[in-house]
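# Residue-level structural notes
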Amino acid sequence: MSLKDSNTGKITHSYSIPELRDRATMMRGYNLVSLCAAGSGHAGSTLSIMDLAAALYLHAADHDPANPSWPDRDRIIWSAGHKAPALYIALGASGYFPLDDTATLRKLGSPFQGHPHWLKVPGVEISSGSLGQGLSIAAGMALAAKLNGDHHRVFCLMGDGEQQEGQVWEAAMEAGHYHLDNLIAIIDCNRLQIDGWVKDVLQVEPLDAKYASFGWQTLHIDGHDMNQIVAALDQARTMTGKPVVILAETIKGKGVSFMENQAGWHGKAPNRKELDAALTELGLKERIPADWLLGAASTFQAEIDRKLQDKMPRFSRDYWWNAGDTMKVNMEPTRKGFGKSLAQNGDDERIVCLGLDISASITIGDFRAGKPERDKRWISMGIAEQSATAAAAGLAREGKLPVFGSYATFSAARNLDQLRVSICYSNMNVLIAGAHGGVSVGPDGATHQALEDLFTMQGLPNMAVVVPCDAIETRKATDYLLLQHEGPKYIRFAREATPVVTTEATPFVFGHANAIRMRREAAGFVGSFETQLAEAYRNEDEDLTIIALGPMVPEAMRAASILKLEYGYETRVLNMHTLKPIDTEAIIRAALETGIIVTAEEHQIGALAWRVSSILTESPRLYGIPVITGAIGVKDRFGESGAPWELVKELEVSAEHIALKSLELVAIKKESRSEIAQ
């Protein structure tokens with residue numbers, strides 16, 4: 001068993017135990033270099049699983065790098081998709097591609113996405129990223145092998161924190177019921193997750209007893225002892241009648257002293273100084289060409305930068321954020337406003353916050369930071385979005401004000417049925433945070449980029465949907481939704497620092513849009529604009545209207561500045577911070593008074609565009625009146641790994657793209673008027 005020639009059936013390379021240890025050490029080094037080059041990623045868990053990955057790919061599994069689709073190969077499923085760098089390194093070490101290629105990890109255009117995509121990298125069996133799904137996929141593959149009479153094995157790599165996902169136990173039950181003895185699960189038991197020790201976040205032990213109760217055979221090993229790992233993998237292949245789970249006790253950050261057993265290194269990459277220290281500690285300083293690899297990554301990045309610049313619309317000068325001497329703007333993550341509101345309002349005894357393992361990142365943890373008296377109203381639910389959603393409904397039914405949130409793609413999609421039935425159908429007073437919305441998670445890639453969540457949330461009866469434009473507006477919106485609005489409510493905000501374009505004096509009224517007009521090119525961006533409630537705004541016969549929400553509001557404002565300073569066109573920008581209920585009157589007035597409506601959303605085109613179009617087509621006041629429309633947004637595609645601002649350019653949702661679309665529509669409007677005049 002091991003690397004094979006699929007044509008002859010012969011083993012192409014066998015590794016001794018000492019060689020496997022050495023390979024695992026080298027793989028750790030290349031992993032750290034790739035993370036350093038990326039500037040982001042998951043150091044802790046990729047180091048903890050590396051001995052297991054080395055033994056699996058270089059010894060235990062039958063596969064052929066020259067023939068990745070060989071029908072008789074063993075299948076290896078990485079359910080813990082955030083450990084993708086270890087997967088890529090293992091594939092490179094096996095010979096699927098040059099190991100040096102992994103230095104482009106997480107960069108725009110690289111096949112090595114933040115979470116694995118099987119259509120991009122040979123040897124990757126399935127795309128993954130949302131935790132808890134891999135064991136079900138592996139069970140399905142094992143069932144298919146049984147049906148086909150095939151004799152290969154299916155391996156599934158998971159984390160111990162991942163066992164908090166309910167779907168894992170559904171799959172465990174299925175595998176036991178169907179006696180899938182061709183299925184081998186390997187759990188990386190490093191005892192840590194983002195929010196801390198697994199036992200403190202949400203206890204999953206005793207895993208051996210739990211899996212045994214579902215009809216599995218269990219093996220318990222030291223996940224860093226290569227003798228034990230190899231022996232367990234060999235033994236698992238011979239065990240019959242039941243599926244097998246290998247519980248591998250590991251250390252998060254293994255091999256690098258300052259990373260070991262540190263939860264903070266879960267989603268962190270080493271800088272250059274830390275990389276050098278780690279390589280020295282691993283004894284790899286002279287064995288791995290770190291300088292050359294980092295240089296190759298920089299060259300790759302430079303080419304990406306050039307390509308992005310070439311595809312951007314061009315104007316007489318560079319209008320990008322803070323590129324000029326005027327219209328300077330401060331940047332702050334919108335999520336900060338969410339945390340500030342919870343911190344300020346948290347003394348209300350009705351408020352209960354549910355942690356879903358990324359508490360610090362989405363700032364929901366600010367609710368209890370420095371306030372131990374609130375700890376009793378902090379309920380850690382681990383990586384269990386579906387159960388947490390229904391639990392929030394139960395809390396609301398008893399008069400509490402529950403708040404929960406995660407990545408928007410998890411808090412608005414994985415738990416859709418619970419949202420629909422437990423919260424919306426029952427009309428429960430629950431605040432849901434869709435954090436890290438849009439492309440703001442950047443290098444994490446498509447699995448973690450919520451570009452569809454607004455379809456879901458505004459489609460649910462009783463659900464209010466608010467998408468604030470900056471950190472200040474996020475705080476105001478959270479204040480309102482938390483303490484004044486009753487019923488299901490969803491607030492969507494970003495992870496990346498985005499322009500602050502409002503002030504404390506800027507109005508925020510739920511359900512009422514703001515009208516924004518550029519007045520002058522001032523030293524500060526905010527001072528260049530005037531904002532008021534749309535219902536109080538008086539028509540100035542602008543050339544067009546741009547309707548935007550969330551982080552696209554600053555982009556719409558910047559587009560308005562391009563149109564004014566370059567072409568003399570005046571633009572009405574509507575900040576449609578409340579998507580549901582939407583400000584119908586502001587939209588109809590803008591259509592009547594400007595004749596052009598451009599929507600701008602950091603989302604699949606339609607969450608805003610289709611809603612606006614529906615209003616335009618259904619309003620009797622607009623019957624027979626020509627309204628020219630256009631939409632900026634993501635064009636029916638998934639995102640990919642890359643820096644957030646790179647993706648704004650790549651997905652063509654920048655101010656420059658809004659301005660270009662606006663120019664096209666203004667030209668049509670002028671041509672139409674010319675024809676009428678003739």
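Residues numbered from 1 in each chain as written. Predicted model: local features only at pLDDT ≥ 70, side-chain atom pairs only at ≥ 80, totals over all residues. Heavy atoms only, no water.

### Details of the overall build of the protein
The test is simple: Each helix is a run of H or I in the DSSP string that is no shorter than four residues. Each strand is a run of E no shorter than two, and both are numbered from the N terminus. Here the globule rule is a power law, 2.2 Å times the number of residues to the power 0.38, and the radius of gyration is based on C-alpha atoms. Exposure categories follow from relative accessible area, calculated using a 1.4 Å probe and restricted to protein chains: below 20% of the type maximum is buried, above 50% is exposed, and the middle band is partly exposed. In what follows, residue pairs with any heavy atoms lying within 4.5 Å of each other are defined as contacts. Per-residue and other accessible areas follow the Shrake-Rupley method at a 1.4 Å probe size, with only the shown protein chains counted as cover for residues. The charge count includes Lys and Arg as positive and Asp and Glu as negative, but it does not include His or the ends of the chains. To locate a charge, take NZ of a lysine, CZ of an arginine, CG of an aspartate or CD of a glutamate.
When helices and strands are counted, the protein shows 23 helices and 24 strands. Compactness check: the protein gives a C-alpha radius of gyration of 27 Å against a globular reference of 26 Å for 678 residues, within 12% of the reference. Over its C-alpha atoms, taken along the principal directions, the protein stretches across nearly 85 × 55 × 50 Å. Counting every position in the protein, which comprises 678 residues, the buried fraction comes to 60%. Relative to all contacts within the protein whose residues are 6 or more apart in sequence, the contacts with residues 24 or more apart total 79%. Total accessible area on the protein stands at roughly 25000 Å², and carbon and sulfur atoms take up 51% of it. For the protein, the distance from the average position of its 67 positive side-chain charges to the average position of its 83 negative side-chain charges is 2 Å.

### A word on the packing of helix α3 (residues 50-60) against helix α4 (residues 84-94)
We count it as follows: Every angle, taken between N-to-C directions, lies between 0 and 180 degrees, and every axis is a line fitted to C-alpha atoms, over only the stretch in contact when it is a helix. Helix crossings fall into two classes, left-handed where the near helix is turned counterclockwise from the far one by less than a right angle and right-handed where it is turned clockwise. In this count, Pro and Cys sit with the nonpolar residues alongside Ala, Val, Leu, Ile, Met, Phe, Trp and Tyr, while Asp, Glu, Lys and Arg are called charged and the others, Gly among them, polar.
Running from amino to carboxyl end, α3 crosses α4 at an angle of 35°, the nearest separation of the two axes being 10 Å. Note that α3 runs across α4; the crossing there is right-handed. Counted together, M50, A53, Y57 and L58 of α3 and A86, L87, A90, L91, A93 and S94 of α4 form the full contact between these two elements. Partitioned by chemical class, the residues of the contact of α3 with α4 number nine nonpolar, one polar and no charged.

### Re the sheet that holds strand β4 (residues 154-159)
Operational definition: For two strands to count as paired, DSSP must find a minimum of two bridges between them.
If you walk across this open sheet you meet the five strands as β3-β4-β5-β9-β8, and the pairing is parallel. Two strands lie at the open edges of the sheet, namely β3 (75-78) and β8 (217-222), each paired on one side alone. Each strand of the sheet is rotated relative to its neighbour by a mean of 20°, with strand direction disregarded. Across six bridges, β8 lies against strand β9 (residues 244-249) in parallel orientation. Within β9, the position partnered with Q217 by the bridge is V244.

### Concerning the state of the cysteines
The cut-off we apply is this: We call a pair of cysteine sulfur atoms a disulfide whenever their separation is within 2.5 Å.
Tallied over the entire structure, the rule returns zero disulfides. C156 takes part in no disulfide bond, and the closest cysteine sulfur, belonging to C189, lies 13 Å away. Free cysteine: C424, not disulfide-bonded; nearest cysteine sulfur from C353 at 19 Å. For C424, a relative accessible area of 2% gives the class buried.

### Some details on the packing of aromatic side chains
For the record, the criterion: Note on ring pairs: Phe, Tyr and Trp rings are taken, using the six-membered ring of Trp, and paired if centres are within 6.5 Å. Classes follow the plane angle, with under 30 degrees stacked, over 60 edge-to-face and the rest tilted. When the NZ atom of lysine or the CZ atom of arginine is within 6 Å of a ring's centre and also within 35 degrees of its normal, the charge is said to sit over that ring.
By the definition in use, this model includes 16 aromatic pairs. Aromatic pair W320 and W645: ring centres 5.7 Å apart, planes at 85°, arrangement edge-to-face. One end of the pair, W320, is in the loop between α11 (290-311) and β10 (331-333); the other, W645, is in helix α22 (residues 644-650), with 325 residues separating them in the sequence. On the basis of relative accessibility, which here comes to 19%, the residue W320 falls in the buried class. Directly above the ring of W265 sits K268, whose terminal nitrogen or CZ lies 4.3 Å from the centroid.

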